[in-house]
Amino acid sequence: MPMEPFNRTQLRLASWYALVMGAILGLCGLVSYQVTIRAYSDSMERELETVAKTLYAGIELHLKQPGRLEPFVEKLLPDVCLTDAPCLVEINPNHSHSFWKNHHIPSKVHQNDYYIRFLDSSNKLVAVSGLRVDLPTTMSSPNWQTVVDSQGKRFHQIAFPLHTLDNKLWGYLQVGRSLKDLDSRLAALKLVLLVGLPITVILIGVSSWWLAGKAVRPIYRSYLQMQQFTADVAHELRTPLTAILATLDSALRLSNVTEPEVRDTLKTIERQVNRFFELIKDLLLLSRLEQHTLDSNPQSLCLNDLMSDLIEEFSALAASVNLKLVSELRSPEPLYIFADEDQICRLFSNLIINAIQYTAPGGCITLKLSKEDRHAVFEVQDTGIGISLDAQTYIFDRFYRVQSDRSRQTGGTGLGLSIARAIAEGHGGSIRVQSEVGKGSTFTIRLPVEKTLQNKNY
Ligand code: ADP
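Residue indices follow the written sequence of each chain, beginning from 1 at its first position. For this predicted model, a pLDDT threshold of at least 70 governs which residues receive local features, and a threshold of 80 or more governs which side-chain atom pairs are given and counted, while totals over whole chains, interfaces and linings are taken from all residues. Side-chain metrics rest on all non-hydrogen atoms present in the structure, leaving aside hydrogens and water.

- Going by the annotation in an unreviewed UniProt entry, the name recorded for the chain is histidine kinase, with Aphanothece hegewaldii CCALA 016 given as the source organism.
- UniProt positions are given in the numbering used here, feature names are shortened, and annotations may be inferred rather than shown by experiment. Taken verbatim from the UniProt record of the chain, the Catalytic activity (unreviewed entry) comment is "ATP + protein L-histidine = ADP + protein N-phospho-L-histidine."

Here it is, written out as structure tokens:
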């Protein structure tokens, strides 16, 4: 059977999975990228706003003339430089002046990244403190701005209008900082996403290929089984039909047929048609058992009574082929199971009929009933032909026969043990075989004892 359609399905599953996972991961990456920007921007804006508001509150009270910086500001910000006078102040990165210290703002932050600028009312730069930046001096509304210097470096700033004591517009206070930190973090995150995402998608693709293979394999196996089953059924149905056709053909060739000969032929055909129906009935039963669609009527069932009935029912058949059929009760009390009586009867009968069929005249068949843990154990032991170890692996498979010719002679469909196993397992039990060629076989069925009776500690 070509594996190709299954390989294609496996590939399609793996590709779809990788695609969907890639899309989800990509979306997550994008969201975390945006969240990182937002979180960083929020904390930076809070910091800038605090610095700007503190400066604004400290400075505005001392402003007297629009556009003119009072000496107080130089005291507050010792590194401030007026734009229309030569700047003699050296910026010492290790020195933090009193304003920052008094307002508990870490010097590391402001000295390397912050700048404070004073603009007059016509947007002309009056003075600058902190980081020396080469930025346009345009004011915009709202007062948050992200600006780029001549070298392409980004800065984020906040601006406040300043007023003199007599409430005239003095100019503007701008407090800003470099976005170098944020930009380098985002570049790193982008790199991780751009390189990491494709690698992750490839890994997902490979692992989902492997997982899809695992998922497809059982489907492939059951597909093979179905194909095998169809072939087996076709083969098994052909056998009785061929026999019927052959009988009809030879009957039609006869000339001057007498009435007893016609009757003989019709009886042969009737036997073959019955066998055909038996096979179809067994097949239907097995498929319903396996699909759990068989109508069942579970009830409390006494196995001791059932065993006596079976002995009564099969004694005559066993005696007719010179076999002894005996029972051995190993449980002191009656054993009850909760089960469908017809199905359990069918299960035990199949085993007894097999034992009768595969045991030579003079042999003995023993039915045993005992209790082990919470299970009723029913055994059918015979002194028949036995089953080789190899064959024991297959005898519960549909249509498997150790000696097909002999089995066909006995009228077996090759489904008896498959049906027995389906019934036992359908009742939460199990069936197993122990056998030795030439010495005999023992089929053991374990079925759970009825729950209410388990509680009574039988
Ligand atoms: P069948 O209808 O041919 O008996 P089963 O499924 O009942 O089919 O059994 C499968 C095969 O197992 C039989 O064909 C037979 O070869 C072997 N078998 C079953 N029961 C016994 C037994 N008690 N002793 C020896 N062989 C057995």
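Back to the write-up after that little detour.
Focus on the nonpolar core
So, point 1. Residues Leu303, Ile344, Phe348, Leu367 and Phe378 are the most contacted members of the largest nonpolar core, which totals 50 residues.
So, point 2. Once residues within four sequence positions are removed from consideration, Leu367 is found in contact with Met307, Ile311, Leu325, Val326, Ser327, Glu328, Ile352, Phe378, Glu379 and Val380.
So, point 3. We call a set of buried residues a nonpolar core when its members are Ala, Val, Leu, Ile, Met, Phe, Trp, Tyr or Cys and they connect through side-chain atoms within 4.5 Å of each other. Type-normalised accessible area, obtained with a 1.4 Å probe on protein chains alone, sets the label of each residue: buried when under 20%, exposed when over 50%, and partly exposed for intermediate values. Grouped together as the second largest cluster of nonpolar side chains are 28 residues, Ile59, Leu63, Trp170 and Val175 included. Two residues form a contact once any of their heavy atoms are found within 4.5 Å.

A look at the sheet that holds strand β5 (residues 154-163)
So, point 1. Strand pairing follows a simple DSSP-based rule, namely that at least 2 bridges must link the two strands. We count a stretch as a helix when DSSP gives it H or I for four or more residues in a row; a strand needs E for two or more, and each element gets its number in order from the N terminus. Taken in spatial order, the six strands make up an open sheet running β1-β3-β2-β6-β5-β4, and their pairing is antiparallel. Either end of the sheet is taken by a strand with one partner, and the two such strands are β1 (81-82) and β4 (144-148).
So, point 2. Strand direction decides the pairing type here: β5 and strand β6 (residues 169-178), joined by nine bridges, are antiparallel. Its bridge partner being in β6, His163 is matched across the sheet by Leu169.

As for the packing of aromatic side chains
So, point 1. Here a Phe, Tyr or Trp ring, Trp counted by its six-membered ring, pairs with any other such ring whose centre lies within 6.5 Å, and the pair is stacked when the planes are under 30 degrees apart, edge-to-face when over 60, and tilted otherwise. For the structure on display, the rule yields nine aromatic pairs.
So, point 2. Ring centres of Phe6 and Tyr220 lie 5.0 Å apart, and the angle between their planes is 70°; on these two criteria the pair is classed as edge-to-face. Here Phe6 is found in helix α1 (residues 4-60), whereas its partner Tyr220 is found in helix α5 (residues 180-253), with 214 residues between them in sequence.
So, point 3. When the centroid spacing of 3.8 Å and the interplanar angle of 15° are considered together, the rings of Phe348 and Phe378 count as stacked. A residue pair is termed long-range when its members are at least 10 positions apart, and Phe348 in helix α8 (residues 341-357) and Phe378 in strand β11 (residues 375-382) qualify at 30 residues.

Remarks on the sheet that holds β11
So, point 1. In space, the five strands of this open sheet follow the order β8-β10-β11-β13-β12, with mixed pairing throughout. Both outer strands of the open sheet, β8 (324-329) and β12 (430-436), are each paired with one neighbouring strand and no more. Sheet twist, expressed as the mean angle between neighbouring strand axes with direction ignored, is 15°.
So, point 2. Sheet topology note: the β11/strand β13 (residues 440-448) ladder contains seven bridges and is antiparallel. Looking across to β13, one finds that Ala376 is bridged to Leu447.
So, point 3. Each of β8, β10 (364-372) and β11 is contacted by helix α7 (residues 303-320), which is oriented at about 170° to β8, the strand it contacts most.
So, point 4. Across the sheet, α8 lies against β10, β11, β12 and β13, angled at about 170° from β13, the strand it touches most. Lines fitted to C-alpha atoms define the axes here, with helix axes fitted over just the stretch in contact, and angles between the N-to-C directions of these axes take values from 0 to 180 degrees.

Details of the confidence of the model for the chain
So, point 1. Every residue carries a pLDDT, the predictor's confidence in it, which falls somewhere between 0 and 100. Of all residues in the chain, 90% have pLDDT values of 70 or greater, and the mean over the chain is 86.
So, point 2. Of all secondary-structure elements in the chain, the lowest mean pLDDT belongs to helix α10 (residues 404-409), at 52, while β13 reaches the highest, 97.

Topic: the pattern of salt bridges
So, point 1. A pairing counts as a salt bridge when a side-chain nitrogen of Lys or Arg comes within 4 Å of a carboxyl oxygen of Asp or Glu. If you walk through the whole model with that rule in mind, you get 15 salt bridges.
So, point 2. Linking Glu290 and Arg398 is a salt bridge whose minimum nitrogen-to-oxygen distance equals 2.4 Å. Linking Glu290 in helix α6 (residues 259-290) with Arg398 in the loop between α9 (389-392) and α10, this pair joins segments that are 108 residues apart in sequence.
So, point 3. The partner of Lys439 in a salt bridge is Glu436, and the shortest N-O contact between them spans 3.4 Å.
So, point 4. Classification of Glu436 by relative accessible area gives partly exposed; the value is 44%.

A few points about the UniProt feature "transmembrane region" (unreviewed entry) in the chain
So, point 1. Here the UniProt-annotated "transmembrane region" (unreviewed entry) positions come out as residues 16-36 and 187-212.
So, point 2. Taken end to end, residues 16-36 has its terminal C-alpha atoms 30 Å apart, with 100% of it in helix and 0% in strand.
So, point 3. When the span residues 187-212 is considered, its composition is 100% helix and 0% strand, and the gap between its end C-alpha atoms is 36 Å.

Focus: the layout of surface pockets
So, point 1. For cavity detection a 1 Å grid was placed over the protein atoms alone, and a set of points counts as a cavity when a 1.4 Å probe fits there but cannot get out; an open set counts as a pocket when protein lies on both sides within 12 Å along at least five of seven lines, with lining residues being those that have an atom within 4 Å of a point. Grid points are joined across faces, edges and corners, and a volume is the space filled by probe spheres set on the points. Its boundaries defined by the atoms lining it, the second largest pocket holds a volume of some 470 Å³.
So, point 2. As for the second largest pocket, its lining consists of 18 residues, and the residues nearest its centre are Gln225, Glu290, Asp397, Arg398 and Arg421.
So, point 3. Of all the elements, α5 adds the most residues to the lining of the second largest pocket, at seven residues.
So, point 4. The residue classification treats Ala, Val, Leu, Ile, Met, Phe, Trp, Tyr, Cys and Pro as nonpolar and Asp, Glu, Lys and Arg as charged. All others, Gly included, are polar. The residue makeup of the lining of the second largest pocket, split by class, is six nonpolar, six polar and six charged.

Regarding the pairing of β4
So, point 1. Of the two faces of β4, the one holding Gln145 and Val147 is buried and the one holding Trp144, Thr146 and Val148 is not buried anywhere.
So, point 2. Between β4 and β5, which follow one another and run antiparallel, lie five residues, and Gly152 among them has a positive phi close to 85°.

Some points on the packing of α8 against helix α11 (residues 416-426)
Geometry of a packed helix pair, given as the angle between the helix axes and the separation of the axes.
So, point 1. Direction vectors running N to C along α8 and α11 enclose 145°, while the axes themselves pass 9 Å from each other. Crossing geometry of α8 relative to α11 is assigned as left-handed. Residues Gln343, Ile344, Arg346, Leu347, Asn350, Leu351 and Asn354 of α8 lie in contact with α11, whose contacting residues are Gly416, Leu417, Ile419, Ala420, Ile423 and Ala424.
So, point 2. Across the contact of α8 with α11, the residue classes break down as eight nonpolar, four polar and one charged. Helix crossings fall into two classes, left-handed where the near helix is turned counterclockwise from the far one by less than a right angle and right-handed where it is turned clockwise.

Notes on α6
So, point 1. To estimate the expected span of a helix, subtract one from its residue number and multiply by 1.5 Å. The terminal C-alpha atoms of α6 lie 46 Å apart, and with 32 residues this matches the ideal 46 Å at 1.5 Å per residue to within 8%.
So, point 2. Looking only at α6, the buried set comprises Thr265, Ile269, Gln272, Phe276, Leu279, Asp282, Leu283, Leu285, Leu286 and Leu289.
So, point 3. Taken together, the buried residues of α6 touch α5, α8 and α11.
So, point 4. Among the residues trailing α6, His292 stands out with phi positive, at a value near 55°.

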